[in-house]
Amino acid sequence: MREILKLGGKLLLLTAVAGLALGLTNAITKGPIEEQAVAAANAARQTVLGGAETFEQVLENENGMDEIHRGLDASGNVVGYTGKITTRGYGGPIEVTVGVSVDGVITGVNVGGSAFSETAGLGARVKEPWFGEQFAGLSAPVALAKNGGEIDAVSSATISSTAVTTAVNDACAAIMDCMEGR
């Protein structure tokens, strides 16, 4: 019985030290991880709405949108809006950030996200710049070429391509609603 208590005490001490170490590591890394997430989101917004210097949040977690930001130039004039929406692709969630100018034209699309897990070499190709660049200069709704639209799908990745295209259309609709409600 004494041996069991002794062993249990050692195990308790070991798990307490491990738990303390994990808690301390989490406390130390939490701030930098959040800063990295904010920097990545700002970079995505800047990529899709290049004329904006700063961004003001207009909406968060409403109507299927993760967020909508108003993009302002150096003088404080609105140059457009960005919206981030998370959709479901073949392999999991896909974050799509869309930029729209004040006249309703798509200025850019950024695809990815921290949980992006589309199949490498197939669905993951929706993250490649050429895919997102196809949307620039168009007005929503957009469609894949196989459906009579102007967007070329990634070969053998119709689910991922369709998910991104649908997300772009949904984001544009939400942004346009937000612009009308200025």
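Scroll up to find the structure.
So, how was this worked out
Residues numbered from 1 in each chain as written. Predicted model: local features only at pLDDT ≥ 70, side-chain atom pairs only at ≥ 80, totals over all residues. Heavy atoms only, no water. Pairing = 2+ DSSP bridges. Helix = DSSP H or I, 4+ residues; strand = E, 2+ residues; numbered from the N terminus. Axes fitted to C-alpha atoms, helices over the stretch in contact; angles between N-to-C directions. Contact = heavy atoms within 4.5 Å. 1 Å grid on protein atoms, 1.4 Å probe; cavity = no way out; pocket = protein on both sides within 12 Å on 5 of 7 lines; lining within 4 Å. Points joined across faces, edges and corners; volume = space filled by probe spheres on them. Nonpolar A, V, L, I, M, F, W, Y, C, P; charged D, E, K, R; others polar.

As for the sheet that holds strand β2 (residues 65-72)
Taken in spatial order, the five strands make up an open sheet running β1-β2-β3-β4-β5, and their pairing is antiparallel. Where the open sheet ends on each side, the last strands, each with one partner, are β1 (54-62) and β5 (106-112). For this sheet, the mean inter-axis angle between neighbouring strands, taken without regard to orientation, is 15°. Where β2 meets strand β3 (residues 78-88), six bridges bridge the pair, whose relative direction is antiparallel. Its bridge partner being in β3, E67 is matched across the sheet by K84. In the packing of helix α1 (residues 2-48) onto the sheet, contacts are made with β1, β2, β3, β4 (93-101) and β5, and the angle to β5 comes to roughly 145°.

A look at the layout of surface pockets
Considered as a void within the structure, the largest pocket measures approximately 420 Å³ in volume. In terms of lining, the largest pocket is formed by 19 residues, of which the most central are A37, A40, A41, K84 and E95. Among the elements of the structure, α1, β1, β2, β4 and β5 are those that each provide at least two residues to the lining of the largest pocket. Of all the elements, α1 adds the most residues to the lining of the largest pocket, at seven residues. Its residues assigned to classes, the lining of the largest pocket shows six nonpolar, seven polar and six charged. In this model, the second largest pocket occupies a volume close to 170 Å³. Around the second largest pocket, the lining is made up of 13 residues, and of these V109, N110, P129, G132 and E133 lie nearest the centre. Of all the secondary structure elements, the ones that give two or more residues to the lining of the second largest pocket are α1, β5 and α2 (129-133). The biggest single contributor to the lining of the second largest pocket is β5, with five residues. Among the residues making up the lining of the second largest pocket, the classes are represented as five nonpolar, five polar and three charged.

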